[in-house]
Amino acid sequence: DPHNIIKMGNVISKNINKKISFFDRETKKVLKERTQAVNSILEDLDLWTQKQVATIPTDRRTIVSKHKAMEYYGDAFGLKTLSLLDYVGDSSSLRPETISTVIAELKEENVKVLFAEQKPPSKLLRNLSRQTSTPIASNQIYVDGLMPTGNTVSVAVHNTCTIVNSLGGECDEQEGDELEGKWNSLINP
């Protein structure tokens, strides 16, 4: 959720600002300008993501992944989320008594695709895919940290396009690339 990142960035900026000498107006000015630029890009990312998600047919707006982190994404952009960790407990696989519950929920929610956070997909995801005839998205999503060569915006763009395209929407990857370019020019002036 870009707004969560904005909130965190503002807290960091405020605390850094307290450490800068009152008389160092130039550094305070640069910090304020960079914080505003970051926030502007993140607001644009939020609007772009909303536009992309809006292209998903309403009956297909469910994200199924193993990780609970996608709940932030779902809450921010109006998608239902189903975290398989809710069913797994302390192990990495489903107990036999919960498999039927998960399968029933996947069918009830009309789930069209499962999202893996790793390549190859986990055994749990592969088993659910096989038992429900629900495909696993061709691209993985990233939930813990960044892509090997990514940053905050590139991960958000990648995940959004993976989700949107997999659920039957149409992602504007060119506009997403432009947001990445703005972010990159900010962090690598």
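Criteria and thresholds
Along every chain, residues carry numbers that run from 1 in the direction the sequence is written. Whole-chain, interface and lining totals are the exception, using all residues; otherwise, since this is a predicted model, local features are given only for residues with pLDDT of at least 70 and side-chain atom pairs are given and counted only at 80 or more. Values shown for side chains rest on all heavy atoms present in the structure; no hydrogens or waters enter the calculation. Strands here mean DSSP runs of E at least two residues long; helices mean DSSP runs of H or I at least four residues long; both are numbered from the N terminus. Expected helix span is given by 1.5 Å per residue-to-residue step, counting one fewer step than there are residues. Exposure categories follow from relative accessible area, calculated using a 1.4 Å probe and restricted to protein chains: below 20% of the type maximum is buried, above 50% is exposed, and the middle band is partly exposed. Contacts are assigned to residue pairs that have any heavy atoms within 4.5 Å of one another. Fitted lines through C-alpha atoms give the axes, limited to the stretch in contact for helices. The angle between two N-to-C directions lies from 0 to 180 degrees. When an angle is under 35 degrees it counts as roughly parallel; over 145 it counts as roughly antiparallel; between 65 and 115 it counts as roughly perpendicular; any other value is oblique. As used here, the term nonpolar core means buried Ala, Val, Leu, Ile, Met, Phe, Trp, Tyr and Cys residues forming a set that is joined through side-chain atoms within 4.5 Å. Distance and chemistry together define a polar contact, namely a pair of N or O atoms within 3.5 Å, with one atom able to donate a hydrogen and the other to accept it when in protein, and with adjacent residues in sequence counting only for side-chain atoms on both sides. The definition used for a disulfide is geometric: two cysteine sulfur atoms within 2.5 Å.

**Here we look at helix H2 (residues 25–53)**
Item 1. Compared with the 42 Å implied by 1.5 Å per residue over 29 residues, the 42 Å span of H2 between its first and last C-alpha is a close match.
Item 2. Among the residues of H2, those classed as buried are Leu31, Thr35, Asn39, Ile41, Leu42, Leu45, Asp46, Trp48, Thr49, Gln52 and Val53.
Item 3. On the buried face of H2, the contacting elements are helix H1 (2–19), helix H3 (70–77), helix H7 (152–166) and helix H8 (173–187).

**A closer look at the environment of isoleucine 63**
Item 1. By the element assignment, isoleucine 63 lies in strand E1 (residues 62–65).
Item 2. Placed 80 residues apart in sequence, isoleucine 63 and valine 143 show a C-alpha to C-alpha distance of 13 Å.

**Topic: the packing of H7 against H8**
Item 1. Running from N to C, H7 and H8 cross one another at 170 degrees; their axes reach a closest spacing of 8 Å. Here H7 lies roughly antiparallel to H8, going by the angle between them. Across from Thr152, Val153, Ser154, Val157, Cys161 and Asn165 in H7, the residues of H8 making contact are Glu173, Gly176, Leu179, Glu180 and Trp183.

**Focus on the nonpolar core**
Item 1. Core analysis: the biggest nonpolar cluster contains 27 residues, and Tyr73, Phe115 and Ile163 have the highest contact counts within it.
Item 2. With sequence-adjacent residues up to four places away left out, isoleucine 163 is seen in contact with Ile63, Met70, Tyr73, Leu79, Phe115 and Ile141.
Item 3. Counting residues in each nonpolar core, the second largest holds twelve residues, with Leu106, Val111, Ala116 and Leu124 among its members.

**Considerations on unusual backbone geometry**
Item 1. The omega torsion across lysine 119 and proline 120 is -10 degrees, close enough to zero to call that bond cis.
Item 2. If you trace the backbone, proline 120 turns up in the loop between helix H5 (96–108) and helix H6 (123–132).
Item 3. In the Ramachandran plot, asparagine 110 falls in the positive-phi region, its phi being about 55 degrees despite a non-glycine side chain.
Item 4. You can see asparagine 110 is positioned in the loop between H5 and H6.
Item 5. A positive phi angle, near 60 degrees, is found at serine 133, a position not held by glycine.

**Here's the deal with H7**
Item 1. Given a rise of 1.5 Å per residue, 15 residues ought to cover 21 Å, and the 21 Å separating the end C-alpha atoms of H7 matches this to within 8%.
Item 2. The buried fraction of H7 amounts to eleven of the 15 residues, a majority that puts the element mostly inside the structure.
Item 3. Listing the buried residues of H7 in full gives Val153, Ser154, Val155, Val157, His158, Asn159, Thr160, Cys161, Thr162, Ile163 and Val164.
Item 4. In this fold, the buried residues of H7 make contact with H2, E1, H3 and H8.
Item 5. Residue asparagine 151 occupies the N-cap position of H7, its side-chain oxygen lying 3.0 Å from the main-chain nitrogen of valine 153.
Item 6. Of the residues flanking the end of H7, it is glycine 168, one or two places downstream, whose phi is positive at about 95 degrees.

**Observations regarding the state of the cysteines**
Item 1. What the rule picks out here adds up to one disulfide.
Item 2. The disulfide partner of cysteine 161 is cysteine 171, and the gap between their sulfur atoms is 2.1 Å. One disulfide, between cysteine 161 and cysteine 171, carries an S-S torsion of -55 degrees and so falls in the left-handed class. Of the two residues, cysteine 161 is situated in helix H7 and cysteine 171 in the loop between H7 and H8; the sequence distance between them amounts to ten residues.
Item 3. Assessed through its relative accessible area of 8%, cysteine 161 is described here as buried.

Note that all results are geometric; they support no functional claim without further evidence.
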